[in-house]
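These are the residues of each chain, in order.
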Amino acid sequence: MTNTTPGRPPLAQSTGLQPRVLYFAVFIFFSLSGGRFTATFLEHELNFSQNWMISTAMAVQILASSSCSSWLGGLADSLEERGGSNGRLQIMALGLLLSTVATLLHMLGRLWMQPSSLETDDAYFIEDDMQNQQYVPMPLFAYHLFLRALFAIGTTACSPVLDGLTLARLEDDARDSAEYGKERLYGAVSWGIANVFFGPAIDKWGFGIIYITTTCSFILCIITFYVYAKSNQMLYASIDEVDLEHIPDAQSFLPRANEHKTATSSTFDDEGEDSLQQQMQQKLEVWGSLTKKNGLLNISYVFAMFALYVGMSVVENLIFLYFEYLGGSYSMCGLTVAVTVMFEFPLFHYAPEVLRRLKSPVWMLQAACVAYVIRVLVYSLIPQDHPYWTLVVEPLHGVTIGFALTASVAFAAEWVPKGYEASGQGFLSMVRGLGQFVGLCIGGFLEGRILYRVLAVIVSVGSIMLAVGNRITTNDSMLYRRGRK
């Protein structure tokens, strides 16, 4: 996209690669390292066939992710501020490395696994079929949980940081933050393409293929990060060649260009500063800004988003187990992802326009909640041996994820202080993670059709709370304006 803002220096025409290439590569990694198939990977490859075991493992991932997301976002912002133009990319690369190593270490646990009889007190038994049984010893179960936590921390170092990097790049290019959806669209593209081939591959070679696909996709990400960094180094080099003294208001157009130019002379002088204290200050500023203006609406928005992700956690993490219950194959599971992505394309592309028409991220999040409730209620009504009926409502997932993500980015842009983009996204990622953790805990106790009906009620309550908060805030604003007159 070429920017034509008057007085804008030539660099604003975005000659460097856009964040969309990062989304494309990273979401290939997310899908091929397990993705939607993680629950079935735990069930068949690691022998976690008890529902509570799978939910526990997924909940541990979410808890680890939500605990570290805000801190990792702040760390990435600090590295970027200290003059490292690729600070966020470095955090992302280290995170994906950690996730890759954690996945590969599951193979050691497989060597530990031995068939055994049922007379053992310190093991959880897994019934593979009517004749053969295996058990997961408690130390092995804890080992796999530890690896899932490491995997989650690694992916968390990537997701909110990539969102923050994208917002910062949009600002540098003088583009609206609502354009985030168009960049994120490319992640949906790669997610859908990868799953179309991943499902049949699992049907043919089994879940052991994940160890290979994870490694290959990690290498692809590292190559992409390197190319993106080199491209933007060339972009900033072109910035340095511009005679800023002869460009009106150039400083206001190039906030990060000047940061890169003066990094060596100014930011590195503060290297001895306590980084933990700085990150805590960042968190307090981000959290404090939540209640400064329209506090009730902001809090109700966060609660509604929390409730939505309570429901989405089961769809994102455990839905393939339900599809198995309905009689679906892994190829069909991969096809459902492709269908959702086909509808995410136009939704992410037109999400900025929808947001502008709705004039508020509140109504966009409400639409996401309604789409989710309809979808899971239909799930709960589909009879067994008819798994392909799920394809009828899969497009609604595109509405939910597309509108929810775009709305949350726009919401954060309204209250997060400038320079704290990744910290703000980390905070929202933490809220989403806590919601997913609660959802998975519910999924550990409930299953089948009743689970999805309960989740529909929870999301509906969050949507109602948001409507009430929005109504009260709107009325207060109208009364205030009348009083001013």
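Just so we're clear, the structure is a prediction, and the values are computed from it rather than from any experiment.

A.B. asks: Lay out the overall build of the chain in plain terms, naming residues and giving numbers.
C.D. replies: What the chain contains, in helices and strands, is 19 helices and 2 strands. Residues classed as buried in the chain amount to 57% of the 485 residues present. Within the chain, contacts between residues separated by at least 24 positions form 83% of all contacts whose residues are at least 6 apart in sequence.

A.B. asks: Which residues make up the environment of proline 160, and what are the values?
C.D. replies: Within the element layout of this structure, proline 160 appears in helix α6 (residues 159-172). Separated by 68 residues in sequence, proline 160 and methionine 92 have C-alpha atoms that sit 9.6 Å apart.

A.B. asks: So, a nonpolar patch on the surface: which residues are in play, and what are the values?
C.D. replies: Taken together, the side chains of Leu17, Ile219, Ile223, Tyr226 and Val227 present a nonpolar region at the surface, about 470 Å² in accessible area. The residue tyrosine 226 is located in helix α8 (residues 209-240) in this model. For tyrosine 226, a relative accessible area of 55% translates into the label exposed.

A.B. asks: Pulling in residues and values, what's your account of the packing of aromatic side chains?
C.D. replies: Applying the stated criterion across every chain, the model contains 16 aromatic pairs. Relative to phenylalanine 141, the ring of tryptophan 52 lies with its centre 5.8 Å away and its plane at 65 degrees, an arrangement referred to as edge-to-face. Highlighted residues: tryptophan 52 in helix α3 (residues 51-81) and phenylalanine 141 in helix α5 (residues 138-156), separated in sequence by 89 residues. A relative accessible area of 34% places tryptophan 52 in the partly exposed class. Take phenylalanine 141: its relative accessible area is 5%, and that puts it in the buried class. With a centroid separation of 5.2 Å and 80 degrees between ring planes, the pair formed by phenylalanine 207 and tyrosine 330 is classed as edge-to-face. Within this pair, whereas phenylalanine 207 is found in the loop between α7 (180-205) and α8, its partner tyrosine 330 is found in helix α15 (residues 330-358), the two being separated by 123 residues in sequence. Each member of the aromatic cluster is reached from another via a ring pair, and the members are Phe37, Phe198, Phe207, Phe320, Tyr322, Phe323, Tyr325, Tyr330, Tyr379 and Tyr452. Lying across the ring of phenylalanine 151, arginine 148 places its NZ or CZ 4.6 Å from the centre.

A.B. asks: Could you give an account of the pattern of salt bridges, with specific residues and numbers?
C.D. replies: As enumerated under the stated definition, the model contains 3 salt bridges in all. The salt bridge partner of arginine 375 is glutamate 394, with a shortest N-O separation of 3.1 Å. Separated by 19 residues along the polypeptide, arginine 375 in helix α16 (residues 361-379) and glutamate 394 in the loop between α16 and α17 (395-415) bring together distant segments of the chain. Glutamate 394 carries the same exposure label as arginine 375, and that label is buried.

Conventions used here
- Residues numbered from 1 in each chain as written.
- Predicted model: local features only at pLDDT ≥ 70, side-chain atom pairs only at ≥ 80, totals over all residues.
- Heavy atoms only, no water.
- Helix = DSSP H or I, 4+ residues; strand = E, 2+ residues; numbered from the N terminus.
- Buried < 20%, exposed > 50% of the residue type's maximum accessible area, 1.4 Å probe, protein only.
- Contact = heavy atoms within 4.5 Å.
- Patch = residues over 30% accessible without salt bridge, like charges linked within 9 Å, V, L, I, M, F, W, Y side chains within 5 Å.
- Areas by Shrake-Rupley, 256 points an atom, 1.4 Å probe, with all protein chains shown as cover.
- Salt bridge = Lys/Arg side-chain N within 4 Å of Asp/Glu carboxyl O.
- Phe/Tyr/Trp six-rings, centres within 6.5 Å; stacked < 30°, edge-to-face > 60°.
- Lys NZ or Arg CZ within 6 Å of the ring centre and 35° of its normal.

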